[in-house]
Amino acid sequence: MLKVLKFGGTSMADAKQFAKVKAIVESDPSRRVVVVSAAGKRFSEDHKITDLLLLCHAHVKYGVSAESVFDMISQRYVEIRNDCGLSTDIESELQKIKEKLLNGISKDELVSRGEYLSARLMADYLGFEFIDSAHWVRFKLDGTIDTEKSYELLRELADGRKVVIPGFYGAMPNGSIRIMSRGGSDITGALAAAALDADVYENWTDVSGILMADPRIVDNPEPIKYITYDELRELSHMGAQVLHEGTIFPVRQKNIPLNIRNTNAPEDPGSLIMENCPDDDNDKQFITGITGKKNFSIITVAKSGMSSEVGFLRKVLEVFEKYNVSVEYVPSGIDSVSVVVASKGVSDCLYAIMGDLQKNVKPDSINVTENIAIVAVVGRKMAYKPGMSGRLFAALGESKINIRMISQSCEELNIIAGVSNDDFEKAVQVLYSSFVK
Ligand code: ASP
């Protein structure tokens, strides 16, 4: 059994957090591969090391001394080293970076050093070996990751060993360092898990899993126990702030379960993301999560006899394509079709679109409704349960929330309702209390 663990910035913020990481790793002998982020915030006004490194780079670029910012970074790591009682020679690592900084280090190499230093310290603290990600995460010239090559290299380096790996960066074919997008250590962890055929990829952060609703809207929402990758996509597409699907493709491809866990509450089971979730008969929960977004516009084109006019829908959608507007939903009736789009996507071209629609399909009328919020109820089990949509619409109706649009696909992975922006928070709360508690 092999578990690959990734610890995020808050789990690496200081010696207290390092001690929690050590306890977690040592509590299970299959936890042998550890990927780490740079030190993150210790408290809300604190700075992330990655942000300070970016700031250092900006200073150098504009010819301002980066000395004081670099000192802040150095202090954080020296403090962690001392408080963990380690003898790692972090000063000479810092000195090397400083010298390079004065002689023109690349932005990517500089910004990657947060993860590098975190991993060096964590490797010593755990008594694991350090593997530099520049030696195995390989980018292609077009900036995408050469997964097969990277997997092969990591297998050679890490096979059967206990290792700590810095997240967030790799190397270009010429050896120069390249960073990933922000939050990229999640990708490194997923790549390592996929390369080593891990049994599970544990992503340790500061929340006990993905929540069923936004905690800014619903008080203390429950964490999701099991969620499929498809549901995760639905939730994140509709606005839930969860791991982005793009960051975890390596584990999804290999069908490795991903467990989101809380470093500050390691006994919590967290959320388990899988291709197919086990059917838990005791689980009366038919929905997985509720999410949504504000600021959509609905453009409704009506024309009597439209449903028998071949090519009508295509002609309508072509207009949106011409203006490069992405269409979210297309609910339709016999004599009308509505096109739901994000308002910011049409803010500059709405009148041009209406003009083109007029020319293309000669409708009886075109109506635009703005300030619409979309609420999405997501759940793989909804398809087996009669009355789910009825319950949803009844709950909104009883709370006097006017539904402006409805959309549900045949797979019934989600049910979508459009409400006015002003009703958005209330709609999420009402649905949460009627479906969850
Ligand atoms: N340290 C990087 C960031 O702040 C990468 C990561 O933490 O995943 O975005």
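Refer to the structure presented above.
Residues numbered from 1 in each chain as written. Predicted model: local features only at pLDDT ≥ 70, side-chain atom pairs only at ≥ 80, totals over all residues. Heavy atoms only, no water.

Draft legend 1. Highlighting the overall build of the protein chain. What the protein chain contains, in helices and strands, is 14 helices and 16 strands. Projecting the C-alpha coordinates of the protein chain onto the three principal axes gives extents of approximately 80 × 55 × 40 Å. Here the protein chain holds 437 residues, and 53% of them are scored as buried. Of all intrachain contacts in the protein chain linking residues separated by at least 6 positions in sequence, the fraction that spans at least 24 positions is 73%. Accessible surface for the protein chain amounts to roughly 20200 Å². Of this, 48% is attributable to carbon and sulfur atoms. Counting 51 positive and 60 negative side-chain charges, the protein chain places the averaged centre of each group 1 Å from the other. (Helix = DSSP H or I, 4+ residues; strand = E, 2+ residues; numbered from the N terminus. Buried < 20%, exposed > 50% of the residue type's maximum accessible area, 1.4 Å probe, protein only. Contact = heavy atoms within 4.5 Å. Areas by Shrake-Rupley, 256 points an atom, 1.4 Å probe, with all protein chains shown as cover. Lys, Arg positive; Asp, Glu negative; His and termini not counted. Charge placed at Lys NZ, Arg CZ, Asp CG, Glu CD.)

Draft legend 2. Expanded view of the pattern of salt bridges. One pass over the full model with this rule turns up 26 salt bridges. Taking the shortest distance from any N to any O, the salt bridge between Arg252 and Asp230 comes out at 3.0 Å. In this pair, Arg252 sits in helix α9 (residues 249-253) while Asp230 sits in helix α8 (residues 229-237), placing the two residues 22 residues apart along the sequence. Several salt bridges converge on common partners, so that one network encompasses Arg42, Asp46, Arg76 and Glu79. (Salt bridge = Lys/Arg side-chain N within 4 Å of Asp/Glu carboxyl O.)

Draft legend 3. Just the site of the ligand, in detail. In the neighbourhood of the ligand, the contacting residues comprise Ser37, Thr50, Glu115, Phe168, Arg182, Gly183, Gly184 and Ser185. Glu115 places a side-chain nitrogen or oxygen 2.6 Å from a nitrogen atom of the ligand. The contact in question runs from an oxygen atom of the ligand to an N or O atom on the backbone of Ser185, over 3.1 Å. In the complex, 90% of the free accessible area of the ligand, which totals 260 Å², lies under the protein chains. Partitioning the shell around the ligand into residue classes produces one nonpolar, five polar and two charged. (Near = heavy atom within 4 Å. Polar contact = N/O pair within 3.5 Å; in protein donor to acceptor, adjacent residues only side chain to side chain. Nonpolar A, V, L, I, M, F, W, Y, C, P; charged D, E, K, R; others polar.)

Draft legend 4. Examining the side chain of Thr188 more closely. By secondary structure assignment, the location of Thr188 is in helix α7 (residues 185-195). You can call Thr188 buried: its relative accessible area is 0%. A distance of 2.8 Å separates the side chain of Thr188 from the backbone nitrogen of Phe168, its partner in a polar contact. If we skip the residues at most four places from it in the chain, Thr188 touches Val35, Ser133, Trp136, Val137, Ile165, Pro166, Gly167, Phe168, Tyr169 and Met180.

Draft legend 5. Expanded view of the packing of helix α3 (residues 67-83) against helix α4 (residues 90-102). Contact geometry for α3 and α4: axes closest at 10 Å, N-to-C directions at 160°. Regarding the angle of α3 to α4, the classification is roughly antiparallel. Note that α3 runs across α4; the crossing there is right-handed. Of the residues in α4, those in contact with Glu67, Phe70, Asp71, Ser74, Tyr77, Val78 and Arg81 of α3 are Ile90, Glu91, Leu94, Ile97, Lys98 and Leu101. Its residues assigned to classes, the contact of α3 with α4 shows seven nonpolar, one polar and five charged. (Axes fitted to C-alpha atoms, helices over the stretch in contact; angles between N-to-C directions. Parallel < 35°, antiparallel > 145°, perpendicular 65-115°, else oblique. Left-handed = near helix turned anticlockwise from the far one by under 90°.)

Draft legend 6. Examining α7 more closely. When you tally the buried positions in α7, you get 11 out of 11 residues, the bulk of the element. Count one or two residues on from α7 and you reach Asp197, which has phi positive near 50°.

Draft legend 7. Just the packing of aromatic side chains, in detail. According to the stated counting rule, one finds three aromatic pairs in the structure shown. Ring centres of Phe7 and Trp204 lie 5.9 Å apart, and the angle between their planes is 20°; this geometry places the pair in the stacked category. Of the two residues, Phe7 sits in strand β1 (residues 3-7) while Trp204 sits in strand β7 (residues 200-205), which places them 197 residues apart along the sequence. Where Tyr116 meets Phe130, the ring centres are 5.4 Å apart and the plane angle is 85°; that geometry is what we call edge-to-face. Taken together, the residues Tyr116 in helix α5 (residues 107-126) and Phe130 in strand β3 (residues 129-130) connect sequence positions 14 residues apart. A relative accessible area of 9% places Tyr116 in the buried class. Directly above the ring of Tyr116 sits Arg113, whose terminal nitrogen or CZ lies 4.4 Å from the centroid. Sitting over the face of the ring of Phe130, Arg120 holds its NZ or CZ atom 4.2 Å from the ring centroid. (Phe/Tyr/Trp six-rings, centres within 6.5 Å; stacked < 30°, edge-to-face > 60°. Lys NZ or Arg CZ within 6 Å of the ring centre and 35° of its normal.)

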